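Understanding the architecture of this molecule
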Amino acid sequence: MSKRYRSSARPPLPFFVTPSGGRGLRDARPIRPMIRTSAERRSAEVALYLLERDLERHLVEFQTLGVPEPVVDRLQTTMEARITQVRGQLAEHDAALAGALGTAVPLSDLGPALIRLRLARGVTQRALAEAIGVHESAISRGERKLHTDITVARARAIFEALGCEATVDVSG
């Protein structure tokens, strides 16, 4: 019989993907360009903890083994960049939840803006899907792709469901 998890005790979603031949979190790249759900947030927090823990452990171990300073510096720079990236994603998620939204968004950033807007309004993917009459997986899939292929009609429906108004400024 498989072990069942309570919703609050589920293991975090994978946050990083390691390229084939990679050496763990040091070579890993984030799977998602932005945090969209509480489960993704938990996985980002776990990833941040592991990166910080591993950085300290590797630095001590490498210094003990006498690894050349340029190699240690490269490891430290790479892992600190990953840590900064995850912290940035967590900060962006916090800002969206707090309702910190810009007023003007370039069309190329419309997808992430829609996600931030949904988070700021406290609306789940399921509730948004019900409000615009689509399946929850359609919202999840669209957000995973950052709504890069969203239609004007779908964007309008999302704005209306979230109680917002959008205008397009075309200037030459």
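Above this text sits the structure in question.
Here goes a summary of the coordinates provided. Keep in mind the model is a prediction, meaning the values are calculated, not measured. Residue indices follow the written sequence of each chain, beginning from 1 at its first position. pLDDT decides what is reported in this predicted model: residues at 70 or higher carry local features, side-chain atom pairs at 80 or more are listed and counted, and totals for whole chains, interfaces and linings draw on all residues regardless. Heavy atoms from the whole structure form the basis of all side-chain values; hydrogens and water molecules are not counted.

1. Quick word on the overall build of the protein chain
Put simply, DSSP marks the helices as runs of H or I at least four residues long and the strands as runs of E at least two long, and each gets a number from the N terminus on. Looking only at helices and strands, one finds six helices and two strands in the protein chain. Secondary structure of the protein chain in N-to-C order comes out as β-β-α-α-α-α-α-α. Each of the 172 residues in the protein chain was classed as buried or not, and the buried ones make up 32%. Working rule for contacts: check all heavy atoms of both residues, and any pair within 4.5 Å makes them a contact. For the protein chain, long-range pairs separated by at least 24 residues make up 63% of all intrachain contacts whose partners lie at least 6 apart in sequence. In the form shown here, the protein chain has an accessible surface area of approximately 11,100 Å², with 54% of it arising from carbon and sulfur atoms. Burial classes: relative accessible area under 20% of the type maximum marks a residue as buried, over 50% as exposed, and values in between as partly exposed (1.4 Å probe, protein chains only). Here, Shrake-Rupley sampling with a 1.4 Å probe gives the accessible areas, and only protein chains in the shown set may cover a residue.

2. A closer look at the layout of surface pockets
Remark: the empty space left among the atoms is shown by a probe the size of a water molecule rolled over them. Cavity and pocket criteria rest on a 1 Å grid covering protein atoms alone: a 1.4 Å probe that fits but cannot get out defines a cavity, protein on both sides within 12 Å along at least 5 of 7 lines defines an open pocket, and an atom within 4 Å of a point defines a lining residue. Grid points are joined across faces, edges and corners, and a volume is the space filled by probe spheres set on the points. In this structure, the largest pocket spans a volume of roughly 980 Å³. Looking at the largest pocket, it is lined by 32 residues, and the ones nearest its centre are Val105, Leu110, Phe159, Ala166 and Thr167. Elements with a minimum of two residues in the lining of the largest pocket: helix 3 (110-121) and helix 6 (152-161). Here the element with the most residues in the lining of the largest pocket is helix 3; it accounts for seven residues. Three classes are used, and their members are as follows: Ala, Val, Leu, Ile, Met, Phe, Trp, Tyr, Cys and Pro are nonpolar, Asp, Glu, Lys and Arg are charged, and the others, Gly among them, are polar. Partitioned by chemical class, the residues of the lining of the largest pocket number 18 nonpolar, eight polar and six charged.

3. Points about helix 1 (residues 38-65)
Given a rise of 1.5 Å per residue, 28 residues ought to cover 40 Å, and the 40 Å separating the end C-alpha atoms of helix 1 matches this to within 8%. Downstream of helix 1 by one or two residues, glycine 66 has phi in the positive range, about 80°. Multiplying 1.5 Å by the helix residue count minus one yields the expected span of that helix.

4. Brief notes about the packing of helix 4 (residues 125-132) against helix 5 (residues 136-144)
In a packed pair of helices, the relevant descriptors are the angle between the two axes and the axis-to-axis distance. All axes here are fitted lines through C-alpha atoms, helices being fitted over the stretch that makes contact, and every angle between N-to-C directions spans 0 to 180 degrees. Remark: helix 4 packs on helix 5, axes separated minimally by 8 Å, with the N-to-C direction vectors making an angle of 115°. As helix 4 packs across helix 5, the resulting crossing turns out to be right-handed. Facing Gln125, Arg126, Leu128, Ala129 and Ile132 of helix 4, the residues of helix 5 in contact are Glu136, Ile139, Ser140 and Glu143. A breakdown of the residues in the contact of helix 4 with helix 5 according to their chemical character gives four nonpolar, two polar and three charged. What makes a crossing left-handed is the near helix being turned counterclockwise from the far one by less than a right angle; a clockwise turn instead makes it right-handed.

5. Observations regarding the pattern of salt bridges
By salt bridge we mean one thing: a side-chain nitrogen of Lys or Arg within 4 Å of a carboxyl oxygen of Asp or Glu. Under the definition given, this model contains 12 salt bridges. Its salt-bridge partner being arginine 41, residue aspartate 94 comes within 3.0 Å of it at the nearest N-O pair. Placement of aspartate 94 in helix 2 (residues 69-97) and of arginine 41 in helix 1 is noted, with a sequence separation of 53 residues between them. Here aspartate 94 falls in the partly exposed class, since its relative accessible area comes to 37%. A salt bridge links arginine 53 to aspartate 54, with the shortest nitrogen-to-oxygen separation between them at 3.0 Å. What emerges from the salt-bridge pattern is a single network uniting Arg36, Glu40, Arg118 and Glu143.

6. A word on the packing of helix 3 against helix 6
It is the contact of helix 3 with helix 6, at a shortest axis distance of 11 Å, that shows an interaxial angle of 20°. It follows that helix 3 is roughly parallel to helix 6 by the angle criterion. Seen along the crossing, helix 3 lies across helix 6 with a hand that is left-handed. Facing helix 3, whose interface residues are Leu110, Leu114 and Leu117, helix 6 presents Ala155, Ile158 and Phe159. Put simply, angles under 35 degrees are roughly parallel, angles over 145 are roughly antiparallel, angles from 65 to 115 are roughly perpendicular, and the rest are oblique.

7. Concerning the side chain of serine 140
By the secondary structure assignment, serine 140 is in helix 5. A residue is classified by how much of its surface remains accessible, and serine 140, at 18% relative accessible area, is buried. When neighbours within four sequence positions are excluded, serine 140 is seen to be in contact with Arg36 and Gln125.

8. A few points about helix 3
Along an α-helix, a turn takes 3.6 residues, which lines up residues three or four apart on a common side. With 12 residues, helix 3 extends 16 Å from end C-alpha to end C-alpha; this agrees with the ideal 16 Å at 1.5 Å per step. Counting buried positions along helix 3 gives nine out of 12 residues, so the element sits mostly inside the fold. Just past helix 3, the residue glycine 122 takes up positive phi, approximately 70°.

By themselves, these figures tell us nothing about what the structure is for.
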